[in-house]
Structure formats: structure tokens, C-alpha cells
Amino acid sequence: KSEIIEKRLLGIYKTENPSICKIENKETGEKYLKIRKRLYKYLLNFPEKRFKGANLLDVGSGTGENSLHYALMGANCDLVEFNDEACSRAQDIFDKSSIDSTRFRIFNESLFNMEKIGLRNKYDIVTSLGVIHHTGDKEKAFRILANKVDKQGFLIVAVGNAIAGIQLHLMKWICRCYASSEEEM
């Protein structure tokens, strides 16, 4: 079941990747980083200093913008993403950044196949934003993530909820009703 769901989701994400943010544009990039800093500092009460020197695993890293933010705050990042096109973009934005290439690794793999790619046994911080609710086995996905967290570490997970799903489906329906082509949508 998980493989079928992943295959369908990958097809959608190769058409329209929801994680991409054009941070190459200076204004967009600064705004994005400001929002991320606000999220961690004020909403999650997770100070920036926690990222300094931390080994961080970002599962479902998408196109790498969040991971780049973690690295800019000092984390050593392992990115795991099942979409090869998203991995290419992540590699590109990291290559263009000031981050030393020894401080990040990008793996094109599924959450459910992470044991075969040479990750660390445990991490100081594990993040997975907007991934678990897209899997066929949410409990197993959570256990996999939780098992990668060091005893003194942190697990940061974001999942979709019913209200956001309704809003998303309504937006898609409106686009389909009023657009005459994929490009227009």
C-alpha cells in the first residue's frame, strides 16, 4: 500500500513540487528565512543555538530550502527525499550557498528505505514536515523517525489536518473550474 501511495505522490510532485520556494530571489530568500526563524524561535520556542553543531536528519526534505536554513544556523544536515528532481534542486541550492559540502548529504530515497543508505544511527534533531500524512503507514513512519532521534535529541514533525485538506481541495477545485489548461492552473 505504501509503495502505491508513494508512486502516485511522486507522479504528482514531479508535475508540481509543493516544497519549492524561489529563495534565489534575494527578497524572497530573506522573507523565507525570517519566517523560518520566527517559527523556531517564537512559535516552537526552539532557539537557534540548538542547531549549532547538531547532526540533523530532514526526512522528506523536498527541494532543500528548510534544510539550507538549518545548515545556515550551524547544523550538519542529512536530507532524505524520494523525488530525484527535488534532490537535484536541493543539491543546486546547497552548492550555491556558503555551506561547506562536508556539512550536508542528500539521499534520494523513501522514508521506508532509509536503513540502506548509510545514515547515522541517531541524530540530535530529526525533522519531517508534511510527510507522514502522505504515507500508507503513518504509525510505521513515525516509529522510523522516532528511532533516529538521540536520547537527548528532538523530533520535529508536522502533519496535515482535515481543515487544511479541505482548503487544499477547494483551491484545486476552483483552479480546475476556471483554468483552461495545466499551465494556467
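What counts, and at which threshold
Residues numbered from 1 in each chain as written. Predicted model: local features only at pLDDT ≥ 70, side-chain atom pairs only at ≥ 80, totals over all residues. Heavy atoms only, no water. Helix = DSSP H or I, 4+ residues; strand = E, 2+ residues; numbered from the N terminus. Buried < 20%, exposed > 50% of the residue type's maximum accessible area, 1.4 Å probe, protein only. Contact = heavy atoms within 4.5 Å. Areas by Shrake-Rupley, 256 points an atom, 1.4 Å probe, with all protein chains shown as cover. Pairing = 2+ DSSP bridges. Right-handed = clockwise from strand over helix to strand, strands pointing away. Patch = residues over 30% accessible without salt bridge, like charges linked within 9 Å, V, L, I, M, F, W, Y side chains within 5 Å. Salt bridge = Lys/Arg side-chain N within 4 Å of Asp/Glu carboxyl O. Axes fitted to C-alpha atoms, helices over the stretch in contact; angles between N-to-C directions. Parallel < 35°, antiparallel > 145°, perpendicular 65-115°, else oblique. Left-handed = near helix turned anticlockwise from the far one by under 90°.

### What about the overall build of the protein chain?
The helix and strand tally for the protein chain stands at 6 helices and 5 strands. Counting helices and strands in the order they occur from the N terminus, the protein chain gives α-α-β-α-β-α-β-β-α-β-α. Per-residue burial over the protein chain gives 37% buried out of 185 residues. Residue pairs in contact within the protein chain that sit at least 24 positions apart in sequence constitute 68% of those at least 6 positions apart. For the protein chain, the accessible surface area stands at approximately 11,600 Å², while carbon and sulfur atoms represent 53% of it.

### So, the pairing of strand β2 (residues 76–81)
The element β2 is largely enclosed, with a buried count of 6 among its 6 residues. Across 5 bridges, the pairing between strand β1 (residues 55–59) and β2 is parallel. Following the sheet pairing, Val 59 is matched in β2 by Val 80. Between the parallel pair β1 and β2, the chain is carried across by helix α3 (residues 65–72), and the sense of this crossover is right-handed. When β2 meets strand β3 (residues 104–108), the two strands line up parallel, connected through 5 bridges. Residue Cys 77 lies in a different strand from β3, and its bridge partner there is Phe 104. At this point the chain moves from β2, through helix α4 (residues 84–95), to the parallel β3, and the crossover so formed is right-handed.

### A look at a nonpolar patch on the surface
A cluster of nonpolar side chains, Tyr 42, Leu 43 and Leu 44, forms an exposed patch at the surface whose accessible area comes to about 350 Å². With respect to the helices, strands and loops of the structure, Tyr 42 is situated in helix α2 (residues 26–43).

### Some points on the packing of α3 against α4
For any two helices packed against each other, one specifies the inter-axial angle together with the distance between the axes. Contact pair α3 / α4: the axes reach a minimum separation of 9 Å and the direction vectors enclose 30 degrees. Judged by the inter-axis angle, α3 sits roughly parallel to α4. By crossing handedness, the relation of α3 to α4 is classed as right-handed. In contact with Glu 65, Ser 67, Leu 68 and Ala 71 of α3, α4 contributes Arg 89, Ile 93 and Phe 94.

### Remarks on α3
Counting buried residues along α3, 7 of its 8 residues qualify, which places the element largely inside the surrounding structure. Among the residues making up α3, those that are buried are Glu 65, Asn 66, Ser 67, Leu 68, His 69, Tyr 70 and Ala 71. Lining the buried residues of α3 we find α2, β1, β2, α4 and β4 (123–129). Following α3 by one or two positions, Gly 74 adopts a phi angle in the positive range, close to 110 degrees.

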